[in-house]
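Survey of secondary and tertiary structure
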There are 2 protein chains.
Amino acid sequence: MAGNKPTTIKEIARKLKISPSTVSRALNDHPSIGLVTTMRVKKMAEEMSYEPNQTAIFFKQRKTFTIGVILSKLSEPFFSEAISVIEHVAEEKKYTVLLGQSLDDEQRELNIVQTFKKHRVDGILVSLGKNTGDTDFMSVLAKTEIPVVFFDCVPDLPNVHKVYCDLSSGMEEAISAFFERGHHKIALINGPESLLASKDRTVAYKEALAKYNIPFDSNYIVNTDLTEQGNEDAMEKLCSLADRPSAVVSFNDFVTLDLIRYAKLRGIVLNQDMYFISYANYPLWKYMDNPPMGSIEQYPEQQAQRAAEILFDCIDKKEYVETPQEVVFPSKLVLK
Amino acid sequence: MAGNKPTTIKEIARKLKISPSTVSRALNDHPSIGLVTTMRVKKMAEEMSYEPNQTAIFFKQRKTFTIGVILSKLSEPFFSEAISVIEHVAEEKKYTVLLGQSLDDEQRELNIVQTFKKHRVDGILVSLGKNTGDTDFMSVLAKTEIPVVFFDCVPDLPNVHKVYCDLSSGMEEAISAFFERGHHKIALINGPESLLASKDRTVAYKEALAKYNIPFDSNYIVNTDLTEQGNEDAMEKLCSLADRPSAVVSFNDFVTLDLIRYAKLRGIVLNQDMYFISYANYPLWKYMDNPPMGSIEQYPEQQAQRAAEILFDCIDKKEYVETPQEVVFPSKLVLK
DNA sequence: TTGTATGCGTTATCAG
DNA sequence: CTGATAACGCATACAA
C-alpha cells in the first residue's frame, strides 16, 4: 500500500531523456516512431508501472468509453440477462457499463440520466420504468447529444431508436393454444393500465380473441398493480365471476406465481380447473412440480444484443443509424 | 438533435464580460463573489444551458465519483439484491456504480480490475469469483492505491477489508434441526473443493456433526462443480450409497433445485425419504408446493450495506479504516 | 524520426 | 470582490 503517485508520461520522458510526445506516440504505437525507441519506452513504462490516466484521456478525447444502462431492476431475470449481454458487447468494444436501476420510479430515472450526462457517457441504453410517462424523461434526453437506444419498455414515439418484443404474436399463440384445447372463457390479468406494455397486451388480447371468434367480455380483463396483494385481488375478481374463466393470460411469470398460489388457496386445481400462460418465460418453471401451461418468451438477450449493437453503431457514427432504428422481435409461446 | 457543442465556463464569461474564474466561483457559490454577479452568472448559465464538464473536473480533482463493483453474476438473487443496496448507498454519496460481472472467470475478473483502474474509480467492492485463486487477483489489486472492500466471497488474507457471512452458525442450526428430527445420516453436497466457501462449509459441517456426536463419514461429503450435471452426479453418488443419507445440507438453493428434481426422478420423496437444507434463502421456495425443509439466510443487503459504508469511509479517509475491517454476520437457518 | 507548442475545461493561487 | 495565470496528463498539429 505504498503512497506512490502514479507515473506520468512526462516522468518516463525525463528518465529516457526524450520528449513526452515521443513517449505518448510510442505508447500508442504511432508508426512514425522508431522501433527501438518504442521498445525502450514500453520497457520503461513497464518498469515504472505506468498506467495511462484515463481521466485525462477522457477529457482530451471527449470520450469516456462508458455507456450507461437504465433499467427497472436487476432482480428481474429479464434484466439481469439483458445486462449480461450488454456488458459482454461493451467489453468487446472496450467499453465499461455504468449502472442505473430506476426501480420503476420516474424521478429516479431522471436523476440517473442527469448523472449519466454529467459523467459524459458515450451512449445510453434504456428500458423505461413501468410507470414512466414518456414526456419528461424524453425531453431531458432530447436535449442531449448522447445517443440513446431504448429496449424492451420503449416509448411510443417516432424518431428514437428502439428494440422491443412484439407482444401480440405471443398472445396470439397463447389464445390459439387455449382455444385448441377447448377453452373459450379466456381472461387477461394485465398490469397497470397506464403502462404501454399493458395497453399492448390488451390490444393483442382483443385481436386474438376476434381471430378465434371468441366474444370479448370486459369482465375478463382485470388489472393488477403488480404487487402481491394486487395480483391476489385480480385473481379474486376473476374467481368470483359467475362465469369463471378456465384460462388466463397473465402479465408475466411473477404475477402468475402469485395467481397460482392464490388459486390453490381457493381450492382451484392448476391445469385442471384453470390454465395459465404468462409473459417472460423465466427459468423457474422447470423446477415446479406443476408448472403453468406455458410462458411467452421475450428474448432479453437478443433485445439487449441488438440494442447494444445499434448504440455502438451510433457512437461510431455508422451511417445507417442516422434514421431511427426500430427492431421488433416476435414473442413466442413456450409450452411447459 | 442540434449539433451544439456544450457550453463552457469561458463562453459564459465572454458573454458576461467577466473572467472565467469569477464564473467558476459564482457557479460554486464561492462566498467572495458578490450576490449580483452570482445571480447574473447563474442566470446566464441557465440560459445557455450550461452543464459542467465532469470529465474535466474528474481530471482536475483526481476523483471520479465512481465506484466499481465486481461480482460473479447478477442472475444470482444474492448479487442482484446486493447491488441494489450498493447502488442506493452510492447514490446517497453522489457516486455512480460501474459494473463488472466476473462470471466466476478469474481472467475476466482481472480484466475488470484493470478496466476499473483505468477508469480511475475511487473505490472497488469485490465479491470474488467462485474459482478465483487469491494470489493473482490480490497482487494486481495490491499494486493500487484504490481502496478495496471485499464482501461475501472474501479472500483468506489479513490486511484487507472484508464483510462476509459466517457459514458455520447456519450449518450448526441446520444440523441441529436435522438432529432434533431424528436424522443421523446427514450428508453435505458441497461446491468445488478449491473454493473457500466450500472449505468453510466442510469445516462447519464437521464441527456441527461433532457437536451432536454424529460420527463423520467421508462418503457423506460429495462435491459438485455447480453445473446441473454436477449437481445430479453428486446426488446420484449419495443415492447409490449403501447407507443412504436421510438429510442433506447443500451448497446453495440453486443446487438444491437440481437435487430435488433429480431425487424425484429416482423416486425419492422429498421431506419423507430425504430432507434438504441449503444456503441462500432465495425467495423461490415460497412458491413451491413442496419446499425443502429450510434455507440458510446470508443477508446480502446487510453485507452490501456494510461493505459499501466501509468503502466510502475509506474514500473519505475516515480514521478507523486505517486498520483492516472485518465484519462477520452470522448466517441463520430459516425453516420453510 | 523526433521535439515544441498548444489546448481540452476547470479550479486554485496569487495579485490587484 | 475580481482577474490573470498556471496546472492537471495527455495527444496532436506543426516544426525541424
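Residues numbered from 1 in each chain as written. Chains lettered and ligands numbered in written order. Predicted model: local features only at pLDDT ≥ 70, side-chain atom pairs only at ≥ 80, totals over all residues. Heavy atoms only, no water.

What about the overall build of chain A?
From N to C terminus, chain A includes twelve helices and twelve strands. For chain A, whose C-alpha radius of gyration is 26 Å, the value lies well above the compact-globule estimate of 20 Å for 336 residues. When the backbone C-alpha atoms are referred to their principal axes, chain A occupies close to 90 × 40 × 35 Å. Counting across all 336 residues of chain A, residues that qualify as buried make up 54%. For chain A, long-range pairs separated by at least 24 residues make up 69% of all intrachain contacts whose partners lie at least 6 apart in sequence. Accessible area of chain A: about 15,500 Å², with a carbon and sulfur share of 52%. (Helix = DSSP H or I, 4+ residues; strand = E, 2+ residues; numbered from the N terminus. Rg over C-alpha atoms; globule rule 2.2 N^0.38 Å. Buried < 20%, exposed > 50% of the residue type's maximum accessible area, 1.4 Å probe, protein only. Contact = heavy atoms within 4.5 Å. Areas by Shrake-Rupley, 256 points an atom, 1.4 Å probe, with all protein chains shown as cover.)

Description of the protein's contact with DNA strand C
Around DNA strand C lies a shell of 26 residues, among which A:Ser21, A:Thr22, A:Arg25, A:Lys60 and B:Tyr50 are the nearest. If you look at DNA strand C and keep only atoms within 4 Å of the protein, 59% of those are sugar or phosphate atoms. Separating a phosphate oxygen of DNA strand C from a side-chain N or O atom of A:Thr37 is a distance of 2.7 Å. Between a phosphate oxygen of DNA strand C and a side-chain N or O atom of B:Lys10, the distance comes to 3.4 Å. Of all the elements, helix 4 (residues 54–61) of chain B adds the most residues to the surface near DNA strand C, at four residues. Class assignment for the residues of the surface near DNA strand C results in eight nonpolar, twelve polar and six charged. (Near = heavy atom within 4 Å. Polar contact = N/O pair within 3.5 Å; in protein donor to acceptor, adjacent residues only side chain to side chain. Nonpolar A, V, L, I, M, F, W, Y, C, P; charged D, E, K, R; others polar.)

Here we look at helix 1 (residues 9–16) of chain A
Note that an α-helix has 3.6 residues per turn; residues three or four places apart therefore point the same way. Residues and elements named next belong to chain A. Residues Ile-12, Ala-13 and Leu-16 constitute the buried set of helix 1. Considered in projection along helix 1, the buried side chains sweep an arc of 100 degrees and stay on one side of the axis. Facing away from the buried side of helix 1 by more than 90 degrees, the exposed set consists of Lys-10, Arg-14 and Lys-15. Buried residues along helix 1 sit in contact with helix 2 (20–27) and helix 3 (35–47). Where helix 1 terminates, the next one or two residues include Lys-17, which has phi positive at roughly 55 degrees. (Arc of directions from axis to C-beta.)

Looking at the sheet that holds strand 5 (residues 161–166) of chain A
An order of 11(A)-5(A)-4(A)-3(A)-1(A)-2(A)-2(B)-1(B)-3(B)-4(B)-5(B)-11(B) is seen for the twelve strands of this open sheet, with the pairing classed as mixed. Because the sheet does not close on itself, it has two edges, and the strands there are strand 11 (326–330) of chain A together with strand 11 (326–330) of chain B. Strand-to-strand, the axes of this sheet are offset by a mean angle of 20 degrees, without reference to chain direction. Taken together, the three bridges between strand 4 (residues 148–151) of chain B and strand 5 (residues 161–166) of chain B define a ladder with parallel strand orientation. The residue of strand 5 of chain B that forms the bridge with B:Phe151 is B:Val163. Relative to strand 5 of chain B, helix 8 (residues 167–180) of chain B is tilted by about 0 degrees, and along the sheet it contacts strand 5 and strand 11 of chain B. (Pairing = 2+ DSSP bridges. Axes fitted to C-alpha atoms, helices over the stretch in contact; angles between N-to-C directions.)

Concerning helix 8 (residues 167–180) of chain A
Residues and elements named next belong to chain A. If you check helix 8, its first and last C-alpha atoms are 20 Å apart, about what 14 residues at 1.5 Å a residue would give, namely 20 Å. Those residues of helix 8 that sit buried are Leu-167, Ser-169, Gly-170, Met-171, Ala-174, Ile-175, Ser-176, Ala-177 and Phe-178. Once helix 8 finishes, Gly-182 follows within two positions and takes phi at roughly 90 degrees, a positive value. (Expected span 1.5 Å × (residues − 1).)

Side note on the interface of chain B and chain A
Each side of the interface is counted separately: chain B has 49 residues, and chain A has 48 residues. Together chain B and chain A conceal approximately 4,500 Å² of surface at their shared face, both sides included; 52% is due to carbon and sulfur atoms. The tally of links from chain B across to chain A stands at ten salt bridges. Residue A:Glu228 is joined to B:Lys286 by a salt bridge in which the shortest nitrogen-to-oxygen separation is 2.7 Å. Taken together, the connections running from chain B to chain A amount to 18 residue pairs in polar contact (both at pLDDT 80 or more). (Buried area = accessible area lost by both parts, 1.4 Å probe. Salt bridge = Lys/Arg side-chain N within 4 Å of Asp/Glu carboxyl O.)

Looking at the relation of the copies chain B and chain A
When chain B is fitted onto chain A, the two copies agree to an RMSD of 0.4 Å after a turn of 180 degrees and an axial shift of 0.2 Å. Considering both components of the superposition, the chain copies are consistent with a two-fold axis. Residue B:Leu98, judged by its C-alpha, is the member of chain B lying nearest the rotation axis, at 2.3 Å. Taken as a fraction of all interface residues of chain B, those also at the interface in chain A reach 98%, which identifies the copy contact as same-surface. (Least-squares fit on C-alpha atoms with pLDDT ≥ 70 in both.)

Describing the pattern of salt bridges
With the rule as written, the count across this model stands at 32 salt bridges over all chains. Residue A:Lys73 pairs with A:Asp104 through a salt bridge whose shortest N-O separation is 3.7 Å. In this pair, A:Lys73 is assigned in the loop between strand 1 (66–71) and helix 5 (77–92) and A:Asp104 in the loop between strand 2 (96–101) and helix 6 (106–118), connecting sequence segments 31 residues apart. For A:Lys73, a relative accessible area of 28% corresponds to the partly exposed category. A salt bridge links B:Lys43 to B:Glu47; its shortest N-O distance comes to 3.5 Å. Of this pair, B:Lys43 and B:Glu47 both sit in helix 3 (residues 35–47), four residues apart, which is roughly one turn of the helix.

Here's the deal with the protein's contact with DNA strand D
Around DNA strand D, a shell composed of 26 residues is seen, among which A:Ile9, A:Tyr50, B:Thr22, B:Arg25 and B:Arg62 lie nearest. One nitrogen or oxygen atom from the side chain of A:Ser24 is found 2.9 Å from a phosphate oxygen belonging to DNA strand D. In the environment of DNA strand D, a phosphate oxygen lies 3.2 Å from a nitrogen or oxygen atom belonging to the backbone of B:Ser19. The residue inventory of the surface near DNA strand D, partitioned by class, reads eight nonpolar, twelve polar and six charged.

Some words on unusual backbone geometry
Generally, phi is negative for residues other than glycine and the peptide bonds are trans, each holding for most cases. Residues and elements named next belong to chain B. Within the chain, Asp-29 stands out as a residue other than glycine whose phi angle is a positive 55 degrees. The phi angle at Asn-271 is positive, at roughly 60 degrees, despite the residue not being glycine. Along the chain, Asn-271 turns up in the loop between helix 11 (253–265) and strand 9 (275–280). Residue Asn-271 is classed as partly exposed on the basis of its relative accessible area of 23%.

Digging into the side chain of B:Asn281
All names here are of chain B. The topology assignment puts Asn-281 in the loop between strand 9 and strand 10 (294–297). Owing to a relative accessible area of 17%, Asn-281 belongs among the buried residues under this scheme. There is a polar contact of 2.7 Å between the side chain of Asn-281 and the side chain of Lys-336. Here Asn-281 is in contact with Asp-253, Ser-295, Ile-296, Glu-297, Val-334 and Lys-336, once residues within four sequence places are set aside.

Focus on the domain arrangement of chain A
Residues and elements named next belong to chain A. Entries for chain A in the domain assignment read domain 1 (9–52), domain 2 (64–165 + 300–329) and domain 3 (166–297). Taking the mean C-alpha position of each, domain 2 and domain 3 sit 29 Å from one another. Counting from both sides, the interface comprises 13 residues of domain 2 and, opposite them, nine residues of domain 3. Taking both partners together, domain 2 and domain 3 bury about 920 Å²; carbon and sulfur atoms supply 65% of that area. When the area that domain 2 buries against domain 3 is broken down by residue, the three leading residues are Pro-77, Lys-130 and Cys-165, summing to 48%. Inspection of the region where domain 2 meets domain 3 yields zero salt bridges. Only helix 5, strand 5 and strand 11 provide two or more residues apiece to the side of domain 2 that touches domain 3. Sort the elements by how many residues they give to the side of domain 2 that touches domain 3 and helix 5 lands first, with three residues. Counted by class, the side of domain 2 that touches domain 3 contains eight nonpolar, one polar and four charged residues. (Domains from an automatic or database assignment.)

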